[in-house]
Amino acid sequence: MPHIALNSDLPGIIGLMVHRPDTGGPLGDLANALLRAPSSLEPGERELIAAYVSRLNGTEFCASSHGAFAASQLAGGRELVQDVLADPGSAPISGRLRALLDVAAEVQSAARPVSDRAIAAARVEGADDTDLHDTVLIAAAFCMYNRYVSGLATELPKNDEYYAQAARRIVTDGYRAGAPTAIQETAA
């Protein structure tokens, strides 16, 4: 049961965004910029970073949502996402992505500079300044999103099909286009 009375029964951050569109709109815009806008990282890779940070933070709604969004955009699909969330060190991903996940994990663990070791390892694997910037910003933002979702004790969807339906909408329309209407329809 959420800690506050929401004006919908929508799960996770979606319920919070619909409840407070004045703050939900900018949060959706930020997610769209981080995860959908042009970048040196593919959208599926960025979604995987968001899912991984959310898993580290123990925020099931965000880990499952962004895991589904990543799976729908990565060649390895759901199995790859599960492998990464279980153990990125042995998952079948590029060295560059593995090193960026290490950077994201450092951001998630504490508000301090990422270690020189992690930055150097990412650079050796081909990460550039934009990759590093975007990884750090995605990880930092998802720490905020995760704390928002978990801090207010939002609910999980009633069935796992919610994540697949939401993934189709996100991949097609992004994070802002028709979100409340589309999500209300999928939540039913």
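Residues numbered from 1 in each chain as written. Predicted model: local features only at pLDDT ≥ 70, side-chain atom pairs only at ≥ 80, totals over all residues. Heavy atoms only, no water.

**Considerations on the packing of helix α2 (residues 21-35) against helix α3 (residues 43-56)**
Consideration 1: Running from amino to carboxyl end, α2 crosses α3 at an angle of 125 degrees, the nearest separation of the two axes being 9 Å. It follows from the interaxial angle that α2 and α3 lie oblique. Counted together, Ala33, Leu34 and Leu35 of α2 and Pro43, Arg46, Glu47 and Ala50 of α3 form the full contact between these two elements.
Consideration 2: Broken down by class, the residue content of the contact of α2 with α3 amounts to five nonpolar, no polar and two charged. (Axes fitted to C-alpha atoms, helices over the stretch in contact; angles between N-to-C directions. Helix = DSSP H or I, 4+ residues; strand = E, 2+ residues; numbered from the N terminus. Parallel < 35°, antiparallel > 145°, perpendicular 65-115°, else oblique. Contact = heavy atoms within 4.5 Å. Nonpolar A, V, L, I, M, F, W, Y, C, P; charged D, E, K, R; others polar.)

**Overview of the pattern of salt bridges**
Consideration 1: Inspection of every chain in the model, using the stated rule, returns seven salt bridges.
Consideration 2: With a shortest N-O distance of 2.7 Å, Arg20 and Asp22 are connected by a salt bridge.
Consideration 3: The structure contains a network of salt bridges with shared partners spanning Glu45, Arg96 and Asp131. (Salt bridge = Lys/Arg side-chain N within 4 Å of Asp/Glu carboxyl O.)

**Things to note about unusual backbone geometry**
Consideration 1: Unusually for a residue other than glycine, Ala153 sits at a positive phi of about 55 degrees.
Consideration 2: Classification of Ala153 as partly exposed rests on a relative accessible area of 22%. (Buried < 20%, exposed > 50% of the residue type's maximum accessible area, 1.4 Å probe, protein only.)

**Considerations on the side chain of Asn146**
Consideration 1: Mapped onto the fold, Asn146 is located in helix α8 (residues 129-151).
Consideration 2: Residue class for Asn146 comes out buried when judged on its relative accessible area of 1%.
Consideration 3: Excluding residues within four positions of it along the chain, Asn146 makes contact with Val53, Ser54, Asn57, Thr59, Cys62 and Gly151.

**Describing the state of the cysteines**
Consideration 1: Going through the model one piece at a time under the given rule, you end up with zero disulfides.
Consideration 2: Cys143 supplies the cysteine sulfur nearest to Cys62, a cysteine that is in no disulfide, at a spacing of 11 Å.
Consideration 3: The exposure class of Cys62 is buried, given its relative accessible area of 2%.
Consideration 4: The class for Cys143 is buried, based on a relative accessible area of 10%. (Disulfide = S-S within 2.5 Å.)

**Some thoughts on the environment of Pro26**
Consideration 1: Note that Pro26 resides in helix α2.
Consideration 2: Look at Pro26 and you get partly exposed, because its relative accessible area is 45%.
Consideration 3: In this structure the C-alpha to C-alpha distance between Pro26 and Arg176, which are 150 residues apart in sequence, comes to 9.4 Å.

**Brief notes about α2**
Structurally, the α-helix is built with 3.6 residues per turn, so residues lying three or four positions apart point the same way.
Consideration 1: A rise of 1.5 Å per residue sets the reference length of α2, with its 15 residues, at 21 Å; its end C-alpha atoms lie 20 Å apart and thus fit the reference within 8%.
Consideration 2: Every buried residue belonging to α2 is among Gly24, Gly25, Leu27, Gly28, Ala31, Leu34 and Leu35, and all of these are buried.
Consideration 3: Structurally, α2 contributes buried residues whose contacts are with α1 (12-19), α3, α4 (60-71) and α8. (Expected span 1.5 Å × (residues − 1).)

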